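Report on the structure
If you want the building blocks of each chain, they are given just below.
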Amino acid sequence: MALTTVIVAGLVAIGAVLLLGGGDDPSADASADPGGDPSTTSTTSATEPPSDEPPTDASEDDFCEAVVAADDDIGDQIDGIVTHFDTDPVADDLAEVGTPTGADSDQRAGFLLYLEVLREIDGEPTADFDGDNPYDDLSPSDRADFDAYADYEADLCL
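Structure report, in brief.

The rules behind the values
- Sequence order as written defines the numbering, with residues in each chain counted from 1.
- It should be noted that, the model being predicted, local features are given only for residues of pLDDT at least 70 and side-chain atom pairs only at 80 or more, the latter also being counted only at that level, while totals for whole chains, interfaces and linings use all residues.
- Each side-chain value is worked out from all heavy atoms of the structure, with water and hydrogens disregarded.
- To qualify as a helix, a DSSP run of H or I must reach at least 4 residues; to qualify as a strand, a run of E must reach at least 2; elements of each kind are numbered from the N terminus.
- Categorising residues by exposure relies on relative accessible area from a 1.4 Å probe, with only protein chains included: less than 20% of the type maximum marks a residue as buried, more than 50% marks it as exposed, and the intermediate range marks it as partly exposed.
- Basic side-chain nitrogens of Lys or Arg form a salt bridge, by our definition, when they fall within 4 Å of a carboxyl oxygen of Asp or Glu.
- For helices, the fitted axis covers only the stretch in contact; all axes are lines through C-alpha atoms, and the angles between them, taken along N-to-C directions, range from 0 to 180 degrees.
- Oblique is the label for any angle not covered by the other classes, which are roughly parallel (under 35 degrees), roughly antiparallel (over 145) and roughly perpendicular (65 to 115).
- The sense of a crossing depends on the near helix, which, turned anticlockwise from the far helix by less than a right angle, makes the crossing left-handed and, turned clockwise, makes it right-handed.
- Two residues qualify as a contact provided that any one of their heavy atoms is within 4.5 Å of a heavy atom in the partner residue.

Attention now moves to the overall build of the protein. Along the backbone of the protein there are 5 helices and 0 strands. Ordering the α and β elements of the protein from the N terminus gives α-α-α-α-α. Expressed as a percentage of its 158 residues, the buried residues of the protein come to 37%.

So this is what it looks like as structure tokens:
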């Protein structure tokens, strides 16, 4: 529970950084490819992640559209528009797009951490996340990855 609480503060931070007024792309294309080719075990490819991970070759425009839409949605949920987080669809949309080729390993790790936490907080009461800044509870390594991702997102999409 501490990890989920920690990242919600990061979600708020990313949402605050990315308040850029755009991103009303309601691309609710839920056609995620649940593939699952177990032969993809090599991590040497820079553009093809294992089949169970989000793509690593998203266009920067598609990535930014998905990020802004996700931040708007999460921001609305944190602001009390709903009483329980509904973050699985947000994570699904981000995972379907993935990260651009230019994301380095720390930025990619932060992105994957963000998706993990979005899935963990789905269904949790939004009131549980008021007040504290649990981001401070992240391990130094997770904090560095999350910060790298947040900086990447802000630099690319602002």
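What follows is about the pattern of salt bridges. In this structure the tally under the stated criterion is 2 salt bridges. The partner of E53 in a salt bridge is R108, with the nearest N and O atoms 3.5 Å apart. Linking E53 in the loop between α1 (2-17) and α2 (60-78) with R108 in helix α4 (residues 105-121), this pair joins segments that are 55 residues apart in sequence. Of the residues examined, E53 reaches a relative accessible area of 33% and is grouped as partly exposed. A salt bridge links R119 to D92, with the shortest nitrogen-to-oxygen separation between them at 2.6 Å. A residue pair is termed long-range when its members are at least 10 positions apart, and R119 in helix α4 and D92 in helix α3 (residues 88-97) qualify at 27 residues.

This brings us to the environment of D142. Note that D142 resides in helix α5 (residues 140-157). Its relative accessible area of 26% is what places D142 among the partly exposed residues.

As a further point, take the packing of α3 against α4. For the pair α3 and α4, the least separation of the axes is 8 Å and the interaxial angle reads 155°. Between α3 and α4, the angle is such that the two are roughly antiparallel. Remark: the crossing between α3 and α4 carries left-handed chirality. Mapping the contact onto sequence places D88, V90, A91, D92, L94 and A95 in α3 and F111, Y114, L115, L118 and R119 in α4.

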